[in-house]
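Structural characterization, general
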Amino acid sequence: MKSFQKEIRLSAKSRGFHLVTQEILSQFSEIQNINVGMFHVFIKHTSASLTINENADPTVRDDFESHINKMVPENQPYYRHTYEGPDDMPAHIKASLMGTSVQIPITQGQLNLGIWQGIYLCEHRNHASGRHLVLTAFGN
């Protein structure tokens with residue numbers, strides 16, 4: 001079994017849901033060395049998250065942002081953790097709801113995603129810097 005691991009930094013993104021599949025793959029060519037295996041992506045932050053969804057129509061990403069902001073609104077009177085602004089605690093809640101990692105099968109050196117699937121960086125802060133990801137690929 002082969003295994004590869006690398007930490008990368010994604011470029012800074014505005015608040016919202018961003019397709020980052022190609023940005024990740026451009027920094028992790030090692031995946032091509034695996035015929036059958038798994039690819040794991042973990043984000044090292046508590047105010048951003050990862051998910052897999054529609055990779056074609058950008059309105060899907062806009063709708064995700066609109067909906068999650070209604071689910072977890074800013075400026076709630078019961079939030080106590082607001083040291084970094086009104087988006088602070090909502091960003092933590094959103095990150096927990098969406099999750100910190102995704103796992104994708106590798107087939108013949110490529111991610112075995114559905115035709116309309118891509119990896120999203122879910123940026124929940126108004127002013128975030130680049131995000132750090134740990135990429136792990138293993139298999140034969």
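Everything here concerns the structure above.
Here the structure is a predicted model, which is why all the values come from computation and not from measurement. (Residues numbered from 1 in each chain as written. Predicted model: local features only at pLDDT ≥ 70, side-chain atom pairs only at ≥ 80, totals over all residues. Heavy atoms only, no water.)

1. A short note on the overall build of the protein
Counted only if it meets this: Numbering of helices and strands runs from the N terminus, with a helix taken as a DSSP run of H or I at least four residues long and a strand as a DSSP run of E at least two residues long. Put simply, the radius of gyration uses C-alpha atoms, and a globule should come to 2.2 Å times the residue count raised to 0.38. Here's how the labels work: a residue is buried when its accessible area is under 20% of the maximum for its type, exposed when over 50%, partly exposed in between, all with a 1.4 Å probe on protein chains only. The contact criterion used throughout is that any non-hydrogen atoms of two residues lie within 4.5 Å. Counted as positive: Lys and Arg. Counted as negative: Asp and Glu, with His and the chain ends omitted from the count. Charge positions are represented by NZ for Lys, CZ for Arg, CG for Asp and CD for Glu.
Looking only at helices and strands, one finds three helices and eight strands in the protein. Going from N to C terminus, the protein has its helices and strands arranged as β-β-α-β-β-α-α-β-β-β-β. Compactness check: the protein gives a C-alpha radius of gyration of 16 Å against a globular reference of 14 Å for 140 residues, within 12% of the reference. The C-alpha extent of the protein, read off along each of the three principal axes, is 50 × 30 × 20 Å. The buried share among the 140 residues of the protein stands at 40%. Considering only contacts within the protein whose residues lie at least 6 apart along the sequence, 81% involve residues at least 24 apart. Positive and negative charge centroids in the protein, built from 12 and 13 side chains respectively, lie 5 Å apart.

2. Points about helix α3 (residues 88-98)
To be explicit about the condition: To obtain the arc, one takes the directions from the helix axis to the C-beta atoms.
Along α3, the residues that are buried comprise D88, P90, A91, K94 and A95. The buried residues of α3 all sit within an arc of 160° when viewed along its axis, so they share a single face. Exposed side of α3, more than 90 degrees from the buried face: S96 and L97 are the residues found there. Of the residues trailing α3, G99 is marked for its positive phi of about 110°.

3. A closer look at the pattern of salt bridges
Stated formally: Definition used for salt bridges: Asp or Glu carboxyl oxygen within 4 Å of a side-chain nitrogen of Lys or Arg.
Tallying each qualifying case throughout the model produces nine salt bridges. Measuring nitrogen to oxygen at the nearest pair gives 3.1 Å for the salt bridge that ties R15 to E65. Of this pair, R15 sits in the loop between β1 (2-9) and β2 (16-19) while E65 sits in helix α2 (residues 58-71), and the two are 50 residues apart along the sequence. Take R15: its relative accessible area is 22%, and that puts it in the partly exposed class. Between E123 and R131 there is a salt bridge, with its nearest N and O atoms 2.7 Å apart. The pair E123 / R131 is uniform in exposure class, with both members buried. Taken together, the shared-partner salt bridges in this structure form one network comprising E84, D87, D88 and R125.

4. Regarding unusual backbone geometry
Positioned with a positive phi, N75 is a non-glycine residue whose angle comes to about 60°. Its location among the elements puts N75 in the loop between α2 and α3. Even without glycine at this site, Q108 takes up a positive phi of about 50°. Checked against the element boundaries, Q108 lands in the loop between β5 (101-107) and β6 (110-111). Taking the relative accessible area as the measure of exposure, Q108 reaches 66% and is therefore exposed.

5. Considerations on the sheet that holds strand β3 (residues 36-43)
As a reminder of what qualifies: A pair of strands is considered paired only if DSSP assigns at least 2 bridges between the two.
Reading across from one edge, β1-β8-β3-β5-β6 is the order of the five strands in this open sheet, with antiparallel pairing throughout. In this open sheet, the two strands that pair with only one neighbour each are β1 and β6. Across seven bridges, β3 lies against strand β8 (residues 132-139) in antiparallel orientation. Residue pairing across strands places F42 opposite V134, the latter belonging to β8.

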